[in-house]
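# Secondary and tertiary structure notes
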Amino acid sequence: CAQFNAFTNSGCAPSFTFRGTHTTCTRTGHGSFAFDGVAIKRVTKAAPGSLPMSESGAAVEQKGVLNVAEVVFVIKAEKDIVEDPPSGADRSIHDLCRIVDRKVLGQIADYVSRILARQHRTFCYSIFVFGRKLRFMRWDRAGCIVTEAFDYLKESHHLEFFWRLSHASLEQRGIDTSCRDASEEEALLLSHALRDHIQLQLSPDNSVARGLHEKHFKNDRVSVLYIFDAKTKEGQEYVVSNPLVFP
């Protein structure tokens with residue numbers, strides 16, 4: 001749509017690719033849903049075991065949009081989702097949580113929760129556009145911070161936002177740098193360690209043993225977590241696979 005194309009053609013984010021998704025539907029294990037667009041960080045080839053920094057077009061297709069999206073766009077014709085304070089009101093006491101459209105707000109929360117479940121993130125952004133107005137939304141696992149809406153044809157806050165995001169560090173983009181994708185060697189070590197641990201308790205030929213390995217090890221879901229011990233003041237890396245709890 002025209003609103004999303006305005007970002008794509010603005011040149012404000014040289015290190016991001018803007019991808020319209022309003023004509024496609026993303027399928028998950030919990031059903032299908034659609035949003036209007038995403039911003040994806042564009043970098044060159046990343047080294048094995050490095051932090052998530054590189055996403056080519058092929059990588060997006062292989063991993064899925066939600067696994068690499070940094071900003072989600074939701075665009076509606078006219079209706080807003082929350083109520084801004086009137087002109088001249090004391091912003092320090094105004095409660096922006098007076099929700100106008102719970103359904104759309106819930107949809108955005110669902111998109112963001114799926115991103116946080118798929119990526120190592122401390123927070124992520126969404127942008128809600130309605131008519132000629134736009135507002136930013138910053139989501140983390142405690143809730144959401146919403147800006148006041150502004151006319152994006154008269155003001156350029158959105159262009160400045162993406163310029164700053166293009167030059168931001170990993171942490172400033174919401175990426176959890178205490179986690180990274182495991183290398184092939186690290187994934188193989190985990191697979192062997194898990195199989196050895198299961199075989200201590202069950203026969204290798206036992207169908208339950210094979211099922212347990214498949215349940216707890218997913219080759220495309222292996223990560224390395226850095227855990228800091230407050231008592232010893234030292235850190236240790238742990239290789240983990242299929243998560244038991246989603247954020």
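In the block above lies the structure referred to throughout.
The notes below deal with the structure included here. Computed from a predicted model, the values in this text were never measured in an experiment.

## What to know about the nonpolar core
Val-74, Ile-81, Ile-108, Phe-128 and Met-137 are the most contacted members of the largest nonpolar core, which has 24 residues in total. At the level of elements, strand S4 (37–41), strand S5 (69–76), helix H3 (102–118), strand S6 (124–130) and strand S7 (133–140) are the ones that each hand at least two residues to this core. No other element matches the 7 residues that H3 contributes to this core. Leaving out residues up to four positions away in the same chain, Val-74 has contacts with Asp-36, Val-104, Ile-108, Tyr-111, Ile-127, Phe-128 and Val-129. Membership of the second largest hydrophobic core comes to 19 residues, among which are Val-71, Ile-75, Tyr-125 and Phe-162.

## Examining the pairing of S4
Most of S4 sits out of view: 5 of its 5 residues are buried. Taking every second residue as pointing to the same face, both faces of S4 are buried, with Gly-37, Ala-39 and Lys-41 on one and Val-38 and Ile-40 on the other. Two strands pair when backbone bridges link them, and strand S1 (residues 16–20) and S4 are joined in this way by 5 bridges, in the antiparallel orientation. Paired with Thr-17 across the strands is Ile-40, a residue of S4. Alignment of S4 against S5, held across 4 bridges, turns out to be antiparallel. From the neighbouring strand, Val-38 faces S5, where its bridge partner is Val-72.

## A look at the packing of helix H5 (residues 184–199) against helix H6 (residues 207–216)
Packing of H5 against H6 brings their axes to within 10 Å, and their N-to-C directions diverge by 145 degrees. Crossing of H5 over H6 shows right-handed handedness. Touching Ser-191, Leu-194, Arg-195 and Ile-198 of H5 are Ala-209, Leu-212, His-213 and His-216, all from H6. Tallied by class, the residues present in the contact of H5 with H6 amount to 4 nonpolar, 3 polar and 1 charged.

What counts, and where the lines are drawn
Chains are numbered independently. Their residues run from 1 in the order of the written sequence. At least 70 in pLDDT is required for a residue's local features to be given in this predicted model, at least 80 for side-chain atom pairs to be given and counted, and no such filter applies to totals for whole chains, interfaces and linings, which use all residues. Water and hydrogen atoms play no part in the side-chain values, which are based on all heavy atoms of the structure. To qualify as a nonpolar core, a set must consist of buried Ala, Val, Leu, Ile, Met, Phe, Trp, Tyr and Cys residues joined through side-chain atoms within 4.5 Å. Accessible area is worked out with a 1.4 Å probe on protein chains only. A residue is then buried under 20% of its type maximum, exposed over 50%, and partly exposed in between. The helix and strand labels rest on DSSP assignments: H or I over at least four residues marks a helix, E over at least two residues marks a strand, and numbering proceeds from the N terminus. Here a residue-residue contact requires only that any non-hydrogen atoms of the pair lie within 4.5 Å. For two strands to pair, DSSP has to find at least two bridges joining them. Angles here are taken between N-to-C directions and fall from 0 to 180 degrees, while the axes themselves are lines fitted to C-alpha atoms, restricted in helices to the stretch in contact. Crossings are classed by handedness, with left-handed meaning an anticlockwise turn of the near helix from the far one by less than a right angle and right-handed meaning a clockwise turn. For this classification, Asp, Glu, Lys and Arg are treated as charged, while Ala, Val, Leu, Ile, Met, Phe, Trp, Tyr, Cys and Pro are nonpolar and the rest, including Gly, are polar.

None of this, on its own, says anything about what the molecule does.
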